[in-house]
2 protein chains.
Amino acid sequence: MPETITIAVDALGGDFGPSVVLPGVEAALAEQPDICVLLCGPEDVVVPFAQCHERCEAVPCTQEIEMGEHPANAVRRKKDSSIVVGCRLVKEGKAQGFFSAGSTGACLAAGTLVAGRIKGVSRPALGTVLPSPVKPVVMCDVGANADCKPEYLLQFAKMATIYTRQILGVENPSVGLLNIGSEETKGSQFAQETHRLLAEQLPNFKGNCEGCDVLTGEFDIVVTDGFTGNVCLKTIEGTAKMLFGELKGVFKRNALTGLAALAVKGGLSQLKQSVSADTYGGAPLLGVKGACLVGHGSSNETAIKNGVLMAAKIVRTGVSELIAESIGSEAKKPAE
Amino acid sequence: MPETITIAVDALGGDFGPSVVLPGVEAALAEQPDICVLLCGPEDVVVPFAQCHERCEAVPCTQEIEMGEHPANAVRRKKDSSIVVGCRLVKEGKAQGFFSAGSTGACLAAGTLVAGRIKGVSRPALGTVLPSPVKPVVMCDVGANADCKPEYLLQFAKMATIYTRQILGVENPSVGLLNIGSEETKGSQFAQETHRLLAEQLPNFKGNCEGCDVLTGEFDIVVTDGFTGNVCLKTIEGTAKMLFGELKGVFKRNALTGLAALAVKGGLSQLKQSVSADTYGGAPLLGVKGACLVGHGSSNETAIKNGVLMAAKIVRTGVSELIAESIGSEAKKPAE
């Protein structure tokens, strides 16, 4: 294990760009003295910051991938963008991880095309720790692969198992398949085939998980295709946002409810924090070389700090190496 | 239009059976004097009730479809079950609508196999009015068809448009396609093909709707396959349940937060009510003859009452006839 951990960070990522990324990086460097950051972005942003911060090196880039661009095309065309340069640093072994709060699609494309897939992995997948106050639940895939085969979901489950064990410390995490009924005969043909495959080949598979059970903590991991997973994740976020908004209205009715708001302010803000995506600092791109992590577009300073620290933790706990061992050893097996 | 509206009601439906169905029916009969109920269920339940209630006729049945049974098999085998008998009354023209809070799968199967599909409808679909406090949003399909073709979703959108216009009074409801990005090139192959078809053939189609936008009211109707729709609906319910549960914890911390709870009790219970599935009394089975409506398993007395009244409203506003006209006229068109 290396003495220091080097993370390439995209200075441009997210809705707020360098204005939150730079303080987030500063906080991460201050919190963990074994972290070094390679800060990728425009020269006038990254050089002055690196000059005043130890363990931070500027990697000036001349291009930027915007949120609306076609991910794969942008990654192929903009070879000097902060996202492509960051992933190239991982490929070249100059960084062990990469963090960006920029375009998820571009990070996925650059992670796969530039940093590169781990041998044997069919499709890298986007995992996430769901913001549940009950207990953290890992969902995978939440958007990398809209069209999936059952075999992909078996690999997603294996990769998420390693992630959950190493990062959340759950020794033998249970896996549920996101489906529309608890019986094995329920769901689409794809869900039924996937159920059969997981039941046969995944020792920690515990059956179907319905939408209403995702946040109950019944399963440590919920595995699904990237289409359904993304809809589910964004529905959770949308429902929570809507309810907190309505709750505000309830407290604003009159002087008495306004006083009530003061009494529960602390508790409410803790609750809001516990369901916030910022707590876990990003979604890991599982199956890609190095520790590639994508932050939420709306990341604040804390989310950026947590993202950088999480990338370092993924490196420290050897997630990618364990995935390579687990999936790579299968790839070597002769076909039956 | 008939002078009275006759609704067949399953006395056995739901988690609480006759103990909530009977008072629910009583309340519906009391509220609207133009409704008649054909109450289907065990003789000892339905006969005594019908004897003491005007405009209610007992239809004794000897069988019951349990929640766990295979829907289509149960419907074929249990010809004297309350669900099959209720749908048969619709087919025979003795009732204009059917309401049950029993097994959704069995109601779907009986609606399709017994009451029968409207001519030209490829697949009947389950619609629902989503419990959003912002404004009601109709989602379709929420579970009838786990595997879909783009053409089905075009029909779901047309049927939901008629339902939304007649029941919610929205003259020209906007339709969104549940997808994982706002651009038309986003999503699975299925979602992209469906987007193209809807853009070509549905005048009120307004583009993709992400999971986080389902409850914002940006779209009056969200159309999707039954797998994704069911996951989305149950995720909304699960997230709301989890947050209200956590909120309880926030108010129970100490004496002060307990007092705060008293101040906002009314507002909170209104909010809870506004996101409750009980308000709209059930999910319509669109594309089936008559007004077939399936209530939530956890329906209380109010939900049953609202379900019976909603079935009557569907009859009164001619939803099925308008669907037959709209879809039937297409079916007659020569193939291009």
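What you are looking at is a predicted structure, and each value in this text was computed from that prediction instead of being measured. (Residues numbered from 1 in each chain as written. Chains lettered and ligands numbered in written order. Predicted model: local features only at pLDDT ≥ 70, side-chain atom pairs only at ≥ 80, totals over all residues. Heavy atoms only, no water.)

## With respect to the overall build of chain A
Applied cut-off: What counts as a helix is a DSSP run of H or I of at least four residues, what counts as a strand is a run of E of at least two, and both are numbered from the N terminus. Put simply, the radius of gyration uses C-alpha atoms, and a globule should come to 2.2 Å times the residue count raised to 0.38. Type-normalised accessible area, obtained with a 1.4 Å probe on protein chains alone, sets the label of each residue: buried when under 20%, exposed when over 50%, and partly exposed for intermediate values. Whether two residues are in contact is decided by their heavy atoms, any of which lying within 4.5 Å being enough.
The secondary structure content of chain A amounts to 11 helices and 11 strands. A compact globule built from 336 residues should have a C-alpha radius of gyration of about 20 Å, and chain A, at 20 Å, falls within 12% of that. Expressed along its principal axes, the backbone C-alpha trace of chain A runs to roughly 70 × 60 × 35 Å. Sorting the 336 residues of chain A into buried and exposed places 58% on the buried side. Within chain A, counting contacts between residues at least 6 apart in sequence, those at least 24 apart form 69% of the total.

## Some points on empty space enclosed by the protein
Under the convention used in this document: Every definition here rests on a 1 Å grid over the protein atoms only: cavities are sets of points where a 1.4 Å probe fits but cannot get out, pockets are open sets enclosed by protein on both sides within 12 Å along at least five of seven lines, and lining residues have some atom within 4 Å of a point. Grid points are joined across faces, edges and corners, and a volume is the space filled by probe spheres set on the points. Residue polarity follows a fixed list, in which Ala, Val, Leu, Ile, Met, Phe, Trp, Tyr, Cys and Pro are nonpolar, Asp, Glu, Lys and Arg are charged, and the others, Gly among them, are polar.
Per the stated rule, a full pass over the model turns up 7 cavities of 30 Å³ or more. If you trace the largest cavity, you find it lined by Leu243(A), Phe244(A), Leu247(A), Leu271(A), Leu243(B), Phe244(B), Leu247(B) and Leu271(B). For the lining of the largest cavity, the elements supplying multiple residues, two or more each, are helix H8 (226-251) of chain A together with helix H8 (226-251) of chain B. Taken together, the residues that form the lining of the largest cavity break down as 8 nonpolar, no polar and no charged. For the lining of the second largest cavity, the secondary structure elements donating two or more residues are strand E10 (283-286), strand E11 (291-294) and helix H11 (319-332) of chain B. The class makeup of the residues in the lining of the second largest cavity is 10 nonpolar, 3 polar and no charged.

## Some details on the pairing of strand E5 (residues 125-130) of chain A
Residue and element names in this part refer to chain A. What counts is decided by this rule: Being paired, for any two strands, means DSSP has found at least two bridges between them.
Counting buried positions over the 6 residues of E5 gives 6, a clear majority of the element. Residues Ala125, Gly127 and Val129 line one face of E5 and the alternating positions Leu126, Thr128 and Leu130 line the opposite face, and both faces are buried. Relative to strand E10 (residues 283-286), E5 runs antiparallel, the two sharing 2 bridges. Paired with Ala125 across the strands is Leu286, a residue of E10. Bridge analysis of E5 against strand E6 (residues 137-140) gives 4 bridges, and the strand direction is antiparallel. Counted as the bridge partner of Val129 is Val138 from E6. Following E5, the chain reverses through 6 residues before pairing antiparallel with E6.

## Things to note about the nonpolar core
Cut-off, in case you're wondering: Here, nonpolar core refers to any group of buried Ala, Val, Leu, Ile, Met, Phe, Trp, Tyr and Cys residues whose side-chain atoms link them within 4.5 Å.
Counting 118 residues, the largest nonpolar core has Val214(A) and Val214(B) as its most contacted members. Apart from residues no more than four positions distant in its own chain, Val214(B) is found in contact with Leu130(B), Val137(B), Met139(B), Leu178(B), Cys209(B), Cys232(B) and Ile236(B).

## Some words on helix H5 (residues 104-115) of chain B
Buried residues of H5(B): Ala106(B), Cys107(B), Leu108(B), Ala109(B), Ala110(B), Gly111(B), Val114(B) and Ala115(B), and no others. At its buried positions, H5(B) is contacted by helix H3 (71-77), helix H4 (82-91), strand E4 (97-100), strand E5 (125-130), E10 and E11 of chain B.

## Observations regarding the pattern of salt bridges
Which entries qualify depends on this criterion: Each reported salt bridge corresponds to a side-chain nitrogen of Lys or Arg within 4 Å of a carboxyl oxygen of Asp or Glu.
Tallying each qualifying case throughout the model produces 16 salt bridges over all chains. Residue Asp220(A) pairs with Lys135(A) through a salt bridge whose shortest N-O separation is 2.9 Å. Linking Asp220(A) in the loop between strand E8 (205-209) and strand E9 (221-223) with Lys135(A) in the loop between E5 and E6, this pair joins segments that are 85 residues apart in sequence. What makes Lys135(A) partly exposed here is its relative accessible area of 29%. Arg316(B) serves as the salt-bridge partner of Asp34(B), at 3.3 Å between the closest nitrogen and oxygen. Taken together, the positions of Asp34(B) in the loop between helix H1 (18-31) and strand E2 (35-41) and Arg316(B) in helix H10 (residues 301-316) put the pair 282 residues apart, joining distant regions of the chain. One connected set of salt bridges, linked through shared partners, spans Glu69(A), Arg77(A) and Lys78(A).

## Describing the pairing of E10(B)
All names here are of chain B. Burial along E10 is two-sided: Ala283 and Leu285 and Pro284 and Leu286, pointing in opposite directions, are all buried. Bridge count between E10 and E11: 2 bridges; the pairing is antiparallel. In the sheet register, Pro284 faces E11, and the bridge partner there is Leu293. Linkage of E10 to E11, two consecutive antiparallel strands, is achieved through a turn of 4 residues, within which Gly287 is found at a positive phi near 105°.

## Concerning the relation of the copies chain B and chain A
Stated precisely, the cut-off is as follows: Least squares is used to superpose the copies, and the fit set is the C-alpha atoms of residues whose pLDDT is at least 70 in both copies.
It takes a turn of 180° to lay chain B on chain A, together with a shift of 0.0 Å along the axis; the resulting RMSD is 0.0 Å. The symmetry that links the two subunits is that of a two-fold axis. The position closest to the rotation axis in chain B is occupied by the C-alpha of Ala260(B), lying 2.1 Å away. A share of 100% of the interface residues of chain B reappears at the interface of chain A, consistent with the copies meeting face to face through the same patch.

## Points about the sheet that holds strand E7 (residues 175-178) of chain B
Strand pairing in a sheet is mediated by backbone hydrogen bonds. Such pairs are either parallel or antiparallel. Residue and element names in this part refer to chain B. Definition in use: Orientation is described by axes fitted as lines to C-alpha atoms, over the contacting stretch for helices, and by angles from 0 to 180 degrees between their N-to-C directions.
The sheet built from 11 strands is open, its strands ordered E3-E2-E1-E4-E11-E10-E5-E6-E9-E7-E8 with mixed pairing. Either end of the sheet is taken by a strand with one partner, and the two such strands are strand E3 (56-60) and strand E8 (205-209). Neighbour-to-neighbour, the strand axes of this sheet turn through a mean angle of 25°, independent of strand direction. As paired strands, E2 and E3 are joined by 5 bridges and run parallel to one another. Bridging from a neighbouring strand, Leu38 pairs with Glu57 of E3. The strands touched by helix H2 (residues 43-51) within the sheet are E2 and E3, with E3 carrying the most contacts at an inclination of about 165°. Along the sheet, H10 makes contact with strand E1 (5-10), E2, E4, E10 and E11, crossing E1 at roughly 140°.

## Quick look at the sheet that holds strand E4 (residues 97-100) of chain A
Residue and element names in this part refer to chain A. What the 11 strands build is an open sheet, ordered E3-E2-E1-E4-E11-E10-E5-E6-E9-E7-E8; its pairing is mixed. Of all the strands in the sheet, just strand E3 (56-60) and E8 have a single pairing partner and so form its edges. Averaged over all pairs of adjacent strands, the angle between their axes in this sheet comes to 25°, without regard to strand direction. Where strand E7 (residues 175-178) lies against E8, 3 bridges are found, and the strand directions are parallel.

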